[in-house]
Amino acid sequence: MPGPALRRFREKWRSYRHRFVPWVVFNLSKNEKTLRRVTEPSEDKVIPDEQVSQSLLGLSRALLRNSGGLLLGAHTNFPPRFPLHREQNEGDVLFQTLGFCIERRPSSLAFAGTGVFVTRGVVPKGATVAMYPGTIYQPYEPILLQSIRNPFVFRCIDGVLVDGNDRGISRMVFRSCSGRDRMGPYLTSDASWLTDSPLNPLAVGQYVNNCSNERPANVCYQEYDVPDSFPLELRQYLPNVNYSQHCTQRPLRCVVLVSLRDIRAGEELFSNYYTIVR
């Protein structure tokens, strides 16, 4: 009979493993249905980057109009504390722009903690359904302290890491980098995903749980480098920031989740991982 400490550890691990990348990789041979194979890094694209851009631009413009065209951060370093007058809540804007709503709710998986559900509308196949927020680390940058007991570190196919943890050191790092990179009155990233009410309603992708043989994937990750043409005034809705300031000279890496099939209201999102097969 296991003791209380062992039982607590097992319960914690059952929740942790659904997002813990090394555990996922180790179990791929047992879970072939959870793996999407590509032969080249460029082949991870389920939809063209231009289509991702169109979705993000459309939503960002709608959010900006909904806020009255206000440049968030003009008078504060942390947007959620700024009293905004909005015509509608962000979920309604998402529904009217892309035709669906998503929200964080308790997962339907036992011991998986929080999950992400479609709550209204229908997500069509090939839609940008969520974004993975967080601080972007290049493969050579330090992330050891931030990664301890952190189930929200996502590894891109080229070794770039995204820390989507909204607590502890990770939270402080993101807020610091976000404030550092502002350009005059313009915020170049969205820190509101660190709260319970993100201004960009897509910025909940870190809570999407991994699929299993019993729960097949309905979304997959896709890496997306923000083009230079992305308007400065709309970057305030991008929930990612580079860890190092010198990395601002390269395109900002974002990770989006793309639907693999039509997903209806009431369904939970489950993701899979890709691997390169030579």
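Procedures and definitions
Residues numbered from 1 in each chain as written. Predicted model: local features only at pLDDT ≥ 70, side-chain atom pairs only at ≥ 80, totals over all residues. Heavy atoms only, no water. Helix = DSSP H or I, 4+ residues; strand = E, 2+ residues; numbered from the N terminus. Contact = heavy atoms within 4.5 Å. Salt bridge = Lys/Arg side-chain N within 4 Å of Asp/Glu carboxyl O. Buried < 20%, exposed > 50% of the residue type's maximum accessible area, 1.4 Å probe, protein only. Pairing = 2+ DSSP bridges. Arc of directions from axis to C-beta. Polar contact = N/O pair within 3.5 Å; in protein donor to acceptor, adjacent residues only side chain to side chain. Patch = residues over 30% accessible without salt bridge, like charges linked within 9 Å, V, L, I, M, F, W, Y side chains within 5 Å. Areas by Shrake-Rupley, 256 points an atom, 1.4 Å probe, with all protein chains shown as cover. Phe/Tyr/Trp six-rings, centres within 6.5 Å; stacked < 30°, edge-to-face > 60°. Axes fitted to C-alpha atoms, helices over the stretch in contact; angles between N-to-C directions.

Colleague: Which parts of the structure should I look at to understand the environment of Gln88?
Modeller: One can find Gln88 in the loop between helix 3 (49-66) and helix 4 (90-98). With near-sequence residues (within four places) excluded, Gln88 lies in contact with Asn66, Val93 and Gln96.

Colleague: What am I meant to see in the pattern of salt bridges here?
Modeller: Once the charged atoms of two side chains with opposite charge are near each other, the side chains can pair. According to the stated counting rule, one finds 8 salt bridges in the structure shown. A salt bridge links Arg253 to Glu223; its shortest N-O distance comes to 3.4 Å. Taken together, the residues Arg253 in strand 11 (residues 253-259) and Glu223 in strand 9 (residues 219-225) connect sequence positions 30 residues apart. Like Arg253, the residue Glu223 is buried in the burial classification. With a shortest N-O distance of 2.7 Å, Glu267 and Arg261 are connected by a salt bridge. Residue Glu267 is classed as partly exposed on the basis of its relative accessible area, which comes to 23%. The network of salt bridges with common partners includes Asp158, Glu223, Asp225 and Arg253.

Colleague: Looking at this structure, I do not really get unusual backbone geometry. What am I missing?
Modeller: A negative phi angle is the norm for most residues apart from glycine, just as the trans form is the norm for most peptide bonds. Look at Arg149: it is not a glycine, yet its phi comes out positive at around 55°. Looking at the secondary structure, you find Arg149 in the loop between helix 5 (144-147) and strand 6 (153-155).

Colleague: What should I look at first to understand the pairing of strand 9 in this one?
Modeller: Along a regular strand, successive side chains alternate from one face of the sheet to the other. Most of strand 9 sits out of view: 6 of its 7 residues are buried. Across 7 bridges, the pairing between strand 9 and strand 11 is antiparallel. Pairing of Tyr221 across the sheet is with Leu257, part of strand 11.

Colleague: Looking at this structure, I do not really get the environment of Cys211. What am I missing?
Modeller: Within the fold, Cys211 resides in the loop between strand 8 (209-210) and strand 9. For Cys211, a relative accessible area of 8% corresponds to the buried category. Along the chain, Cys211 and Asn272 lie 61 residues apart, while their C-alpha atoms are 5.9 Å from each other.

Colleague: Can you walk me through helix 4 in this structure?
Modeller: Helical geometry note: an α-helix holds 3.6 residues per turn, so side chains three or four residues apart project in the same direction. Along helix 4, the residues that are buried comprise Glu90, Val93 and Leu94. Each buried residue of helix 4 lies within a common arc of 100° when the element is viewed along its axis, so the set occupies one face. Residue Asn89 occupies the N-cap position of helix 4, its side-chain oxygen lying 3.0 Å from the main-chain nitrogen of Gly91.

Colleague: What is the right way to read the side chain of Gln222 from this model?
Modeller: If you trace the backbone, Gln222 turns up in strand 9. Residue Gln222 is classed as buried on the basis of its relative accessible area of 0%. Of the polar contacts made by the side chain of Gln222, one reaches the backbone oxygen of Ile47; its length is 2.8 Å.

Colleague: Any chance you could explain a nonpolar patch on the surface here in plain terms?
Modeller: Taken together, Leu144, Leu145, Ile148, Ile169 and Met172 make up a surface patch of nonpolar side chains, about 550 Å² in accessible area. Inspection of the secondary structure puts Met172 in helix 6 (residues 168-180).

Colleague: When you look at the packing of aromatic side chains in this model, what are you seeing that I'm missing?
Modeller: The full count for this structure, using the stated rule, is 6 aromatic pairs. Between the aromatic rings of Tyr137 and Tyr243, the centroid separation amounts to 4.7 Å while the plane-to-plane angle is 25°, which identifies the pairing as stacked. One end of the pair, Tyr137, is in strand 5 (residues 134-137); the other, Tyr243, is in the loop between strand 10 (240-242) and strand 11, and 106 residues separate them in sequence. Between Phe152 and Tyr207, the ring centres sit 5.3 Å apart and the planes meet at 65°, which makes this aromatic pair edge-to-face. Taken as a pair, Phe152 in the loop between helix 5 and strand 6 and Tyr207 in the loop between helix 6 and strand 8 lie far apart in primary sequence, 55 residues in all.

Colleague: Any chance you could explain the sheet that holds strand 7 (residues 161-163) here in plain terms?
Modeller: Spatial strand order, 6-7-5-10: 4 strands in an open sheet with mixed pairing. The open sheet terminates on both sides in strands that have one partner only, identified here as strand 6 and strand 10. Within this sheet the neighbouring strands show an average axis-to-axis angle of 25°, counted without direction. Judged from the 3 bridges that link them, strand 5 and strand 10 form a sheet pairing that is parallel. When the bridges of strand 10 are listed, Gly134 appears paired with Asn240. Set on the sheet, helix 6 makes contact with strand 5, strand 7 and strand 10; between it and strand 10 the angle comes to about 75°.

By themselves, these figures tell us nothing about what the structure is for.
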